[in-house]
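# Residue-level structural notes
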Amino acid sequence: VEVEIVDDRNQPVAPGAVGEIRVRGAGTCRGYLGDALATRERFRDGWFHTGDLGRFEHGTHIVHCGRADQMMIMNGINIYPTEIEQCLASHPFVDDAVALPVRHAIHQEIPICAVSVAPGATITERALQSYATQRLGFRSPKRVLIVDRIPRNGQGKVIRDELLAKLRGVLPG
């Protein structure tokens, strides 16, 4: 199996740069059964474009940076939700974290983050935002919101519509 990380022109990115992960090999399928549109979008020139973003670290290790369809763009800068989520999840009082884009008239999108805290832990949204800002700088969430729990399905994926419904009324903008 071959793995490449490419830019939006399908050119390999420089080592350490983030791009889309694509794969090809004898065991890779050639398309989606009964879905010509999805096949055209994901299977090009013998490569399967996963929709996952990543970068090579130490030449051979792939660091997953999230999904291309969840990347945020603020003032022309790409912000990867996974980076924000991993940062806040590293805080000892945080159980779970999900970064979301909020449309903004000036900045395109701004990142916010919903977190659930560990049972018995006491921390403020402001303290968590400061924690993220110290580690991520410009890419930090512009608002951190504490929720009882992050809704996830049986596979562990965030149920974004349910989370957004929980946050309605407290989201900026």
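The following paragraphs examine the structure supplied in this document. (Residues numbered from 1 in each chain as written. Predicted model: local features only at pLDDT ≥ 70, side-chain atom pairs only at ≥ 80, totals over all residues. Heavy atoms only, no water.)

### A closer look at the overall build of the chain
Keep this limit in mind: In DSSP terms, a helix is any run of H or I states spanning at least four residues, a strand is any run of E spanning at least two, and both are numbered starting from the N terminus. Here's how the labels work: a residue is buried when its accessible area is under 20% of the maximum for its type, exposed when over 50%, partly exposed in between, all with a 1.4 Å probe on protein chains only. Pairs of residues are marked as contacts when any of their non-hydrogen atoms sit within 4.5 Å. Residues counted as positive are Lys and Arg, residues counted as negative are Asp and Glu, and His and the chain ends are not counted. Every charge is mapped onto a representative atom, which is NZ of Lys, CZ of Arg, CG of Asp or CD of Glu.
Looking only at helices and strands, the chain has 4 helices and 10 strands in total. Starting at the N terminus and walking to the C terminus, you meet the elements of the chain as β-β-α-β-β-β-β-β-α-β-β-α-β-α. Principal-axis analysis of the C-alpha atoms places the extent of the chain at approximately 50 × 35 × 35 Å. For the chain, with 173 residues in total, the buried portion stands at 36%. For the chain, long-range pairs separated by at least 24 residues make up 50% of all intrachain contacts whose partners lie at least 6 apart in sequence. Across the chain, the 21 positively charged side chains and the 20 negatively charged ones have centroids separated by 2 Å.

### Section: the packing of helix 2 (residues 81–89) against helix 3 (residues 125–136)
Filter applied, for reference: Structural elements are reduced to axes, namely lines fitted to C-alpha atoms, with helices fitted over the stretch in contact, and the angle between N-to-C directions of any two is expressed from 0 to 180 degrees. Here the angle decides the label: under 35 degrees means roughly parallel, over 145 means roughly antiparallel, 65 to 115 means roughly perpendicular, and every other value means oblique. For a crossing to be left-handed, the near helix must be turned anticlockwise from the far one by less than a right angle; the clockwise case is right-handed. Throughout, the ten residues Ala, Val, Leu, Ile, Met, Phe, Trp, Tyr, Cys and Pro are labelled nonpolar, Asp, Glu, Lys and Arg are labelled charged, and all others, Gly among them, are labelled polar.
Closest axis-to-axis distance for the helix 2/helix 3 pair is 10 Å, and the angle between their directions is 120 degrees. Classified by the angle their axes make, helix 2 and helix 3 are oblique. Seen along the crossing, helix 2 lies across helix 3 with a hand that is right-handed. Contacts from Glu-83, Ile-84, Cys-87 and Leu-88 of helix 2 reach helix 3 at Leu-128, Tyr-131, Ala-132, Arg-135 and Leu-136. A per-class count over the contact of helix 2 with helix 3 returns 7 nonpolar, no polar and 2 charged.

### A word on a nonpolar patch on the surface
Applicable threshold: Grouping into patches uses exposed residues only, defined as over 30% relative accessible area, and leaves out salt-bridged ones; the cut-off is 9 Å for like charges and 5 Å for nonpolar side chains (Val, Leu, Ile, Met, Phe, Trp, Tyr). Only the protein chains shown count as cover for residues, and the accessible areas themselves come from Shrake-Rupley with a 1.4 Å probe. By definition here, a salt bridge exists when the distance from a side-chain nitrogen of Lys or Arg to a carboxyl oxygen of Asp or Glu is within 4 Å.
On the surface, Val-1, Val-3 and Ile-62 cluster together to form a nonpolar patch covering roughly 280 Å² of accessible area. Within the secondary structure, Val-3 is located in strand 1 (residues 2–6).

### Description of unusual backbone geometry
Unusually for a residue other than glycine, Asp-45 sits at a positive phi of about 50 degrees. Mapped onto the elements of the fold, Asp-45 is located in the loop between strand 3 (43–44) and strand 4 (47–57). One non-glycine residue, Gln-108, lies in the positive phi region at around 75 degrees. Here Gln-108 shows up in strand 9 (residues 108–117).

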